[in-house]
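Here are the chains, one letter per residue:
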Amino acid sequence: MKKKNGLIYGAAALALLCAVYVGVGQYMDRSQKKTEDKEEASKVYMTDVSDVLSVSYDRDGEELSFTKKDGTWIYDQDDKFPVKQEKMDGIVTTVSKLEAVRKLEGGDGFGAYGLDQPIRTVTVTAADNKKSVILLGNATEDGDYYAAIQGEDTPYLISSSLFTETDSGLDDFMALEEFPAVAGTDVTEITVTKGESSKHFVKKKLDDEKGTIEWYKDSADSQENKVEDNSPLNVLADSLTSLKVKSCPNYNVNDSQLKDYGLDQPSAVITYTYNKNGKDETFSLSVGSLNEDSSCYYTRTENSAYVNEIEKASIDKCLTINGEISK
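This write-up is about the structure you can find in this document. These numbers were taken from a predicted model, which means no experiment stands behind them.

## Some remarks on helix H2 (residues 85-96)
With 12 residues, H2 should cover 16 Å at 1.5 Å per step; its first-to-last C-alpha distance of 16 Å lies within 8% of that length. The complete set of buried residues in H2 reads Met-88, Ile-91, Val-92, Thr-94, Val-95 and Ser-96.

Written out as C-alpha coordinates, the structure is:
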(Lines give C-alpha, C1' and ligand atoms only; values in the text may rest on other atoms or scores of the structure.)
Protein backbone atom coordinates (compact mmCIF):
# COMPACT_ATOMS: atom_id res chain seq x y z
CA MET A 1 0.00 0.00 0.00
CA LYS A 2 2.87 2.35 0.93
CA LYS A 3 4.46 1.68 -2.42
CA LYS A 4 1.19 2.46 -4.19
CA ASN A 5 0.75 5.70 -2.20
CA GLY A 6 4.32 6.65 -3.05
CA LEU A 7 3.62 6.25 -6.75
CA ILE A 8 0.47 8.36 -6.45
CA TYR A 9 2.32 11.12 -4.59
CA GLY A 10 5.15 10.99 -7.12
CA ALA A 11 2.74 11.27 -10.02
CA ALA A 12 0.97 14.17 -8.33
CA ALA A 13 4.27 15.94 -7.71
CA LEU A 14 5.31 15.41 -11.33
CA ALA A 15 1.98 16.77 -12.55
CA LEU A 16 2.42 19.81 -10.30
CA LEU A 17 5.93 20.41 -11.60
CA CYS A 18 4.68 20.15 -15.18
CA ALA A 19 1.92 22.64 -14.43
CA VAL A 20 4.42 25.01 -12.85
CA TYR A 21 6.76 24.60 -15.83
CA VAL A 22 3.94 25.35 -18.29
CA GLY A 23 2.82 28.30 -16.20
CA VAL A 24 6.32 29.74 -16.04
CA GLY A 25 6.74 29.24 -19.77
CA GLN A 26 3.46 31.03 -20.53
CA TYR A 27 4.41 33.84 -18.16
CA MET A 28 7.79 34.24 -19.87
CA ASP A 29 6.14 34.25 -23.31
CA ARG A 30 3.66 36.92 -22.18
CA SER A 31 6.43 38.93 -20.56
CA GLN A 32 8.58 38.75 -23.70
CA LYS A 33 5.63 39.77 -25.89
CA LYS A 34 4.88 42.74 -23.64
CA THR A 35 8.53 43.79 -23.88
CA GLU A 36 8.49 43.45 -27.66
CA ASP A 37 5.19 45.36 -27.90
CA LYS A 38 6.60 48.11 -25.71
CA GLU A 39 9.74 48.35 -27.82
CA GLU A 40 7.70 48.43 -31.03
CA ALA A 41 5.42 51.15 -29.62
CA SER A 42 8.45 53.30 -28.81
CA LYS A 43 9.77 53.16 -32.39
CA VAL A 44 9.23 56.03 -34.81
CA TYR A 45 8.52 55.34 -38.47
CA MET A 46 8.64 57.84 -41.32
CA THR A 47 6.64 55.65 -43.71
CA ASP A 48 4.03 52.92 -43.44
CA VAL A 49 3.32 51.49 -46.90
CA SER A 50 1.83 48.00 -46.83
CA ASP A 51 1.93 47.29 -50.57
CA VAL A 52 4.71 48.98 -52.54
CA LEU A 53 4.00 49.17 -56.26
CA SER A 54 7.03 51.14 -57.45
CA VAL A 55 10.27 52.67 -56.24
CA SER A 56 12.39 55.30 -57.95
CA TYR A 57 15.37 57.38 -56.93
CA ASP A 58 17.99 59.68 -58.34
CA ARG A 59 21.72 59.03 -57.89
CA ASP A 60 24.34 61.38 -59.28
CA GLY A 61 21.97 62.58 -61.97
CA GLU A 62 20.86 59.06 -62.92
CA GLU A 63 17.22 58.22 -62.23
CA LEU A 64 16.30 54.60 -61.66
CA SER A 65 12.68 53.49 -61.54
CA PHE A 66 11.26 50.03 -60.88
CA THR A 67 7.68 48.74 -60.90
CA LYS A 68 6.29 45.46 -59.65
CA LYS A 69 4.22 43.60 -62.26
CA ASP A 70 2.66 40.22 -61.61
CA GLY A 71 4.90 39.74 -58.60
CA THR A 72 8.14 40.58 -60.45
CA TRP A 73 10.19 43.78 -60.34
CA ILE A 74 10.67 45.40 -63.75
CA TYR A 75 13.07 48.17 -64.73
CA ASP A 76 10.78 50.84 -66.19
CA GLN A 77 13.19 51.99 -68.92
CA ASP A 78 13.73 48.45 -70.25
CA ASP A 79 11.44 45.56 -69.36
CA LYS A 80 14.03 43.10 -70.75
CA PHE A 81 16.56 44.12 -68.13
CA PRO A 82 17.07 41.23 -65.65
CA VAL A 83 16.35 42.84 -62.28
CA LYS A 84 17.91 41.31 -59.19
CA GLN A 85 14.69 40.63 -57.31
CA GLU A 86 16.21 40.16 -53.86
CA LYS A 87 17.95 43.56 -54.07
CA MET A 88 14.66 45.29 -54.87
CA ASP A 89 12.89 43.37 -52.11
CA GLY A 90 15.52 44.63 -49.67
CA ILE A 91 14.92 48.25 -50.67
CA VAL A 92 11.17 47.76 -50.39
CA THR A 93 11.53 46.32 -46.89
CA THR A 94 13.40 49.46 -45.88
CA VAL A 95 11.19 52.09 -47.52
CA SER A 96 7.84 50.50 -46.72
CA LYS A 97 8.39 51.08 -43.00
CA LEU A 98 11.35 53.42 -42.67
CA GLU A 99 12.41 53.56 -39.05
CA ALA A 100 13.84 56.79 -37.67
CA VAL A 101 16.54 57.04 -35.04
CA ARG A 102 14.56 59.97 -33.74
CA LYS A 103 12.09 62.64 -34.74
CA LEU A 104 13.52 66.17 -34.66
CA GLU A 105 10.44 68.11 -33.56
CA GLY A 106 10.99 71.77 -32.83
CA GLY A 107 14.36 71.71 -34.58
CA ASP A 108 15.89 74.04 -37.13
CA GLY A 109 14.61 74.58 -40.65
CA PHE A 110 15.26 72.13 -43.48
CA GLY A 111 18.29 74.13 -44.62
CA ALA A 112 20.16 73.25 -41.43
CA TYR A 113 19.94 69.56 -42.34
CA GLY A 114 20.60 69.81 -46.08
CA LEU A 115 16.98 68.93 -46.80
CA ASP A 116 16.31 72.09 -48.81
CA GLN A 117 18.71 70.67 -51.41
CA PRO A 118 18.58 66.90 -50.75
CA ILE A 119 21.44 64.70 -51.88
CA ARG A 120 18.91 62.06 -52.92
CA THR A 121 15.14 61.66 -53.26
CA VAL A 122 13.42 58.30 -53.07
CA THR A 123 9.85 58.01 -54.33
CA VAL A 124 7.67 55.18 -53.09
CA THR A 125 4.29 54.49 -54.69
CA ALA A 126 1.72 52.27 -53.02
CA ALA A 127 -0.80 50.04 -54.78
CA ASP A 128 -3.43 52.76 -54.30
CA ASN A 129 -1.09 55.15 -56.20
CA LYS A 130 -0.35 57.18 -53.07
CA LYS A 131 3.19 58.53 -53.26
CA SER A 132 5.68 59.25 -50.52
CA VAL A 133 8.82 61.16 -51.47
CA ILE A 134 11.67 60.68 -49.02
CA LEU A 135 14.29 63.41 -48.95
CA LEU A 136 17.82 62.57 -47.81
CA GLY A 137 19.93 65.39 -46.46
CA ASN A 138 23.31 65.72 -44.79
CA ALA A 139 25.13 62.87 -43.10
CA THR A 140 26.11 63.14 -39.45
CA GLU A 141 29.49 62.32 -37.93
CA ASP A 142 27.97 59.04 -36.71
CA GLY A 143 27.04 58.01 -40.25
CA ASP A 144 23.32 58.65 -39.91
CA TYR A 145 21.35 60.85 -42.31
CA TYR A 146 18.80 63.60 -41.95
CA ALA A 147 15.59 62.83 -43.80
CA ALA A 148 12.07 64.12 -44.33
CA ILE A 149 8.89 63.38 -46.22
CA GLN A 150 8.26 65.91 -48.96
CA GLY A 151 5.31 68.12 -48.00
CA GLU A 152 5.81 67.59 -44.26
CA ASP A 153 7.58 69.97 -41.90
CA THR A 154 9.28 67.52 -39.53
CA PRO A 155 12.82 66.30 -40.14
CA TYR A 156 14.06 62.94 -38.89
CA LEU A 157 17.34 61.27 -38.24
CA ILE A 158 17.66 57.82 -39.87
CA SER A 159 20.37 55.19 -40.19
CA SER A 160 22.49 54.91 -43.32
CA SER A 161 20.50 51.91 -44.63
CA LEU A 162 18.38 53.78 -47.16
CA PHE A 163 21.32 55.79 -48.51
CA THR A 164 23.46 52.64 -48.82
CA GLU A 165 20.75 50.58 -50.51
CA THR A 166 20.05 53.30 -53.07
CA ASP A 167 23.72 54.10 -53.66
CA SER A 168 23.68 51.71 -56.61
CA GLY A 169 23.80 52.18 -60.36
CA LEU A 170 21.81 50.12 -62.83
CA ASP A 171 24.53 47.46 -63.18
CA ASP A 172 24.18 46.69 -59.48
CA PHE A 173 20.58 45.65 -60.11
CA MET A 174 21.42 43.19 -62.86
CA ALA A 175 20.65 39.56 -62.05
CA LEU A 176 23.45 37.51 -63.61
CA GLU A 177 22.68 34.19 -65.24
CA GLU A 178 23.25 31.26 -62.89
CA PHE A 179 24.61 27.91 -63.96
CA PRO A 180 23.43 24.55 -62.58
CA ALA A 181 24.05 24.23 -58.83
CA VAL A 182 25.85 20.89 -58.96
CA ALA A 183 29.18 19.46 -57.82
CA GLY A 184 31.87 17.86 -59.92
CA THR A 185 30.91 14.47 -58.53
CA ASP A 186 27.46 14.89 -60.14
CA VAL A 187 28.96 15.09 -63.65
CA THR A 188 28.58 11.89 -65.67
CA GLU A 189 29.68 12.95 -69.17
CA ILE A 190 31.93 15.66 -70.59
CA THR A 191 32.45 16.80 -74.17
CA VAL A 192 35.02 19.46 -75.06
CA THR A 193 35.09 20.68 -78.65
CA LYS A 194 37.78 23.03 -79.98
CA GLY A 195 37.61 23.73 -83.68
CA GLU A 196 37.63 20.39 -85.49
CA SER A 197 38.77 18.48 -82.39
CA SER A 198 36.22 16.96 -80.04
CA LYS A 199 36.78 14.73 -77.03
CA HIS A 200 34.09 12.91 -75.14
CA PHE A 201 34.37 11.23 -71.73
CA VAL A 202 31.95 9.08 -69.76
CA LYS A 203 32.03 8.30 -66.05
CA LYS A 204 31.12 4.89 -64.73
CA LYS A 205 30.26 4.37 -61.07
CA LEU A 206 31.70 1.23 -59.51
CA ASP A 207 30.52 1.55 -55.90
CA ASP A 208 28.15 4.28 -54.70
CA GLU A 209 28.99 3.75 -51.04
CA LYS A 210 32.74 3.92 -51.54
CA GLY A 211 32.43 6.57 -54.26
CA THR A 212 34.70 4.68 -56.63
CA ILE A 213 34.44 5.56 -60.32
CA GLU A 214 36.17 5.07 -63.65
CA TRP A 215 36.41 7.47 -66.58
CA TYR A 216 36.28 6.25 -70.17
CA LYS A 217 36.99 7.89 -73.47
CA ASP A 218 34.01 7.93 -75.85
CA SER A 219 32.23 4.92 -74.31
CA ALA A 220 32.28 2.78 -71.16
CA ASP A 221 31.40 -0.33 -73.20
CA SER A 222 35.02 -1.37 -73.61
CA GLN A 223 37.82 -1.57 -71.05
CA GLU A 224 40.19 -0.44 -73.80
CA ASN A 225 38.63 3.01 -73.48
CA LYS A 226 39.37 3.28 -69.78
CA VAL A 227 41.36 6.36 -68.76
CA GLU A 228 44.46 5.45 -66.76
CA ASP A 229 44.27 8.35 -64.32
CA ASN A 230 40.92 9.73 -63.11
CA SER A 231 42.42 12.85 -61.54
CA PRO A 232 42.49 15.18 -64.59
CA LEU A 233 38.85 14.45 -65.45
CA ASN A 234 37.76 14.82 -61.84
CA VAL A 235 39.50 18.20 -61.77
CA LEU A 236 37.86 19.09 -65.08
CA ALA A 237 34.41 18.19 -63.70
CA ASP A 238 35.07 20.36 -60.64
CA SER A 239 36.25 23.22 -62.84
CA LEU A 240 33.18 23.04 -65.07
CA THR A 241 30.73 23.11 -62.19
CA SER A 242 32.62 26.01 -60.60
CA LEU A 243 32.23 28.35 -63.57
CA LYS A 244 30.55 31.63 -62.66
CA VAL A 245 29.45 34.66 -64.63
CA LYS A 246 31.43 37.80 -63.86
CA SER A 247 29.35 40.26 -65.87
CA CYS A 248 26.78 40.46 -68.65
CA PRO A 249 27.50 42.89 -71.50
CA ASN A 250 24.36 41.92 -73.43
CA TYR A 251 21.19 40.48 -71.88
CA ASN A 252 19.10 40.51 -75.05
CA VAL A 253 21.42 39.41 -77.83
CA ASN A 254 20.15 38.65 -81.32
CA ASP A 255 21.74 36.43 -83.96
CA SER A 256 23.26 39.33 -85.89
CA GLN A 257 25.12 40.49 -82.78
CA LEU A 258 26.74 37.15 -81.97
CA LYS A 259 29.70 37.84 -84.27
CA ASP A 260 30.60 40.86 -82.12
CA TYR A 261 31.43 38.41 -79.34
CA GLY A 262 32.94 35.63 -81.44
CA LEU A 263 29.88 33.51 -80.71
CA ASP A 264 28.60 33.12 -84.25
CA GLN A 265 31.40 30.56 -84.67
CA PRO A 266 32.53 29.68 -81.12
CA SER A 267 36.17 28.82 -80.54
CA ALA A 268 35.08 26.08 -78.16
CA VAL A 269 31.94 24.37 -76.86
CA ILE A 270 31.88 22.68 -73.48
CA THR A 271 29.02 20.29 -72.68
CA TYR A 272 28.48 18.17 -69.62
CA THR A 273 25.74 15.91 -68.34
CA TYR A 274 24.98 15.79 -64.64
CA ASN A 275 22.61 13.85 -62.45
CA LYS A 276 20.40 15.81 -60.10
CA ASN A 277 17.57 14.32 -58.07
CA GLY A 278 17.86 11.12 -60.08
CA LYS A 279 17.43 12.89 -63.41
CA ASP A 280 20.06 13.51 -66.09
CA GLU A 281 20.40 17.09 -67.32
CA THR A 282 22.75 18.58 -69.91
CA PHE A 283 24.49 21.96 -69.80
CA SER A 284 26.26 23.50 -72.79
CA LEU A 285 28.49 26.57 -72.93
CA SER A 286 29.84 28.24 -76.07
CA VAL A 287 33.11 30.15 -75.77
CA GLY A 288 33.67 33.16 -77.99
CA SER A 289 36.41 35.77 -78.21
CA LEU A 290 38.19 37.62 -75.42
CA ASN A 291 36.78 40.92 -74.16
CA GLU A 292 38.51 44.27 -74.66
CA ASP A 293 41.06 43.88 -71.87
CA SER A 294 41.49 40.13 -72.49
CA SER A 295 40.51 39.32 -68.90
CA CYS A 296 37.38 37.36 -69.81
CA TYR A 297 35.89 35.25 -72.55
CA TYR A 298 32.49 36.04 -73.97
CA THR A 299 30.28 33.01 -73.41
CA ARG A 300 26.72 31.93 -74.04
CA THR A 301 24.67 29.04 -72.75
CA GLU A 302 22.53 27.17 -75.26
CA ASN A 303 19.76 29.34 -76.77
CA SER A 304 20.23 31.99 -74.08
CA ALA A 305 19.53 35.70 -74.63
CA TYR A 306 22.54 36.49 -72.42
CA VAL A 307 26.11 37.06 -73.51
CA ASN A 308 28.20 36.65 -70.38
CA GLU A 309 31.78 37.28 -69.43
CA ILE A 310 33.66 34.53 -67.56
CA GLU A 311 37.22 34.98 -66.36
CA LYS A 312 39.80 33.79 -68.87
CA ALA A 313 41.69 31.70 -66.31
CA SER A 314 38.57 29.73 -65.42
CA ILE A 315 37.75 28.92 -69.05
CA ASP A 316 41.37 28.12 -69.91
CA LYS A 317 41.45 25.62 -67.06
CA CYS A 318 38.48 23.82 -68.57
CA LEU A 319 40.03 23.76 -72.03
CA THR A 320 43.72 23.06 -71.39
CA ILE A 321 43.16 20.23 -68.89
CA ASN A 322 41.79 18.26 -71.79
CA GLY A 323 45.38 17.78 -73.01
CA GLU A 324 46.46 16.09 -69.76
CA ILE A 325 44.07 13.19 -70.21
CA SER A 326 45.46 10.02 -71.66
CA LYS A 327 44.47 6.40 -71.71
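## Some words on the pattern of salt bridges
In the structure shown here, the tally under the stated rule is six salt bridges. We note a salt bridge from Arg-59 to Asp-167, for which the minimum N-O separation is 3.2 Å. Here Arg-59 is found in strand S2 (residues 52-59), whereas its partner Asp-167 is found in the loop between helix H3 (161-165) and strand S10 (187-194), with 108 residues between them in sequence. Accessibility expressed as a relative area gives 34% for Asp-167, which makes it partly exposed. In this structure, Asp-167 engages Arg-120 in a salt bridge whose closest nitrogen and oxygen atoms are separated by 3.1 Å. Of this pair, Asp-167 sits in the loop between H3 and S10 while Arg-120 sits in strand S6 (residues 120-126), placing them 47 residues apart in sequence.

## Quick notes on a negative patch on the surface
Judged by side-chain charge, Asp-60, Glu-62, Asp-171 and Asp-172 come together as a negatively charged surface patch. Relative to the helices and strands, Asp-60 resides in the loop between S2 and strand S3 (62-69).

## Here we look at the packing of aromatic side chains
A full pass over the atoms with the stated rule returns 11 aromatic pairs. Between Phe-66 and Tyr-75, the aromatic rings sit 5.6 Å apart at their centres with planes inclined by 45 degrees, giving tilted as the arrangement. Judged by relative accessible area, which is 1%, Phe-66 ranks as buried. Accessibility expressed as a relative area gives 9% for Tyr-75, which makes it buried. Members of the aromatic cluster, connected to one another through ring pairs, are Tyr-57, Phe-66, Tyr-75, Phe-81, Phe-173 and Tyr-251.

## Quick notes on the sheet that holds strand S13 (residues 247-250)
The strand order across the open sheet built from eight strands is S12-S11-S10-S14-S15-S16-S17-S13, with neighbouring strands paired in antiparallel fashion. The open sheet has two free edges, formed respectively by strand S12 (212-217) and S13, since each of these has just one partner strand. On average, each strand axis in the sheet is tilted by 25 degrees relative to the strand beside it, whichever way the strands run. Pairing between strand S16 (residues 296-301) and strand S17 (residues 307-311): four bridges, direction antiparallel. From the neighbouring strand, Tyr-297 faces S17, where its bridge partner is Ile-310.

## So, unusual backbone geometry
Unlike most non-glycine residues, Asp-60 shows phi in positive territory, near 55 degrees. One non-glycine residue, Ser-294, lies in positive phi territory at about 60 degrees. As for its placement among the helices and strands, Ser-294 is situated in the loop between strand S15 (279-290) and S16. Overall, Ser-294 belongs to the partly exposed group, its relative accessible area being 38%.

## Overview of the environment of Asp-186
In this structure, Asp-186 sits in the loop between H3 and S10. Residue class for Asp-186 comes out partly exposed when judged on its relative accessible area of 26%. Considered as a pair, Asp-186 and Ala-237 are 51 residues apart in the sequence and their alpha carbons are 8.5 Å apart. Once residues within four sequence positions are removed from consideration, Asp-186 is found in contact with Lys-203, Thr-273, Tyr-274 and Asn-275.

What counts and how
- Residues numbered from 1 in each chain as written.
- Predicted model: local features only at pLDDT ≥ 70, side-chain atom pairs only at ≥ 80, totals over all residues.
- Heavy atoms only, no water.
- Helix = DSSP H or I, 4+ residues; strand = E, 2+ residues; numbered from the N terminus.
- Expected span 1.5 Å × (residues − 1).
- Buried < 20%, exposed > 50% of the residue type's maximum accessible area, 1.4 Å probe, protein only.
- Salt bridge = Lys/Arg side-chain N within 4 Å of Asp/Glu carboxyl O.
- Patch = residues over 30% accessible without salt bridge, like charges linked within 9 Å, V, L, I, M, F, W, Y side chains within 5 Å.
- Areas by Shrake-Rupley, 256 points an atom, 1.4 Å probe, with all protein chains shown as cover.
- Lys, Arg positive; Asp, Glu negative; His and termini not counted.
- Charge placed at Lys NZ, Arg CZ, Asp CG, Glu CD.
- Phe/Tyr/Trp six-rings, centres within 6.5 Å; stacked < 30°, edge-to-face > 60°.
- Pairing = 2+ DSSP bridges.
- Axes fitted to C-alpha atoms, helices over the stretch in contact; angles between N-to-C directions.
- Contact = heavy atoms within 4.5 Å.

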